[in-house]
Amino acid sequence: MLLYWIILPIVWVLARFVWRIEVIGLEHYKAVHDGRAFVIASNHIANLDPVFIAIAVMDWRRMCVLAKEELFVNPFIGWFLRCMGAVSIERGKGDTATIDRVTSACRRGTGVLIFPEGTRTKNGKLGILKSGAFVIAASAGADMLPCRIIYHTKDGKLRPFCRIRVVFGPAIPAAELQITDAGHKVTALRHMKSKLKTALETLLEENAFEPYPGQEPAAPADSVKPLTQGDGPAAS
């Protein structure tokens, strides 16, 4: 934890030297940051996404960040990620031990940052949401805070010296994330995914940068297609 307190302000200075970062909706983060359980659910474009979210909230209480195990192969990067609160998870392998550990920490009031898409998108658009974030939130009795990262580049990807917006929306209450009937778990998860997807697309629509010439503008939130019957739970 001491290293986190040392590294965080250094990263804050370096990041704001290289990128122009704007934070919107921080009041929504502060509203859930009162000791209760909460999960930040963000879109995922670049490996540095969790760093930008961490310096956006600039919280001295370290969050728990779920990250794919491949990122920890490099010893230095692995050390840095662990200092920032990252926890390695084996994607697609039913890593229930890590999920249980993170859920327990969330239940005790530690904020959890998850990227429900489970991987980075190549075009900056929102991908298919998986179930891991909702399972953790439901088990921990946590509110879910939508977060949208927007990069002002032609292809929507992170580039040096580009403008960045980190946008937080109103939290989805824990009561709306509970699975009360195990027999309808798939249906309940589908509704939760649809609610979060709409929230994330609305954050983009309302906070998108002016498009470059020839670039398509952000799609309106009401164009989001409902999830199909075949969309069942998947590991994040």
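Residues numbered from 1 in each chain as written. Predicted model: local features only at pLDDT ≥ 70, side-chain atom pairs only at ≥ 80, totals over all residues. Heavy atoms only, no water.

Chemist: Any chance you could break down the pattern of salt bridges for me, citing the residues and the numbers?
Modeler: A full pass over the atoms with the stated rule returns six salt bridges. Between Asp-155 and Arg-159 there is a salt bridge, with the nearest N and O atoms lying 2.3 Å from each other. What makes Asp-155 partly exposed here is its relative accessible area of 31%. According to the relative accessible area criterion, Arg-159 is partly exposed, its value standing at 38%. (Salt bridge = Lys/Arg side-chain N within 4 Å of Asp/Glu carboxyl O. Buried < 20%, exposed > 50% of the residue type's maximum accessible area, 1.4 Å probe, protein only.)

Chemist: I'd love a proper account of the environment of Tyr-29, names of residues and values included.
Modeler: Counting through the fold element by element, Tyr-29 comes out in helix H2 (residues 26-32). On the basis of relative accessibility, which here comes to 3%, the residue Tyr-29 falls in the buried class. Note: C-alpha distance between Tyr-29 and Ile-40 (11 residues apart in sequence) is 8.8 Å. In contact with Tyr-29, other than residues within four places in its own chain, are Phe-38, Ile-40, Val-57, Asp-59 and Leu-145. (Helix = DSSP H or I, 4+ residues; strand = E, 2+ residues; numbered from the N terminus. Contact = heavy atoms within 4.5 Å.)

Chemist: Mind laying out unusual backbone geometry, listing which residues take part and the relevant values?
Modeler: Positive phi outside glycine occurs at Met-58, with the angle close to 45°. Summarising the element assignment, Met-58 is placed in the loop between helix H3 (49-57) and strand S3 (64-68). Met-58 gets classed as partly exposed once you look at its relative accessible area, which sits at 26%. The phi dihedral of Phe-161 falls on the positive side, at around 70°, and the residue is not glycine. Note on placement: Phe-161 falls in the loop between strand S6 (143-151) and strand S7 (163-168). With a relative accessible area of 54%, Phe-161 lands in the exposed category.

Geometric values such as these leave the question of function open.
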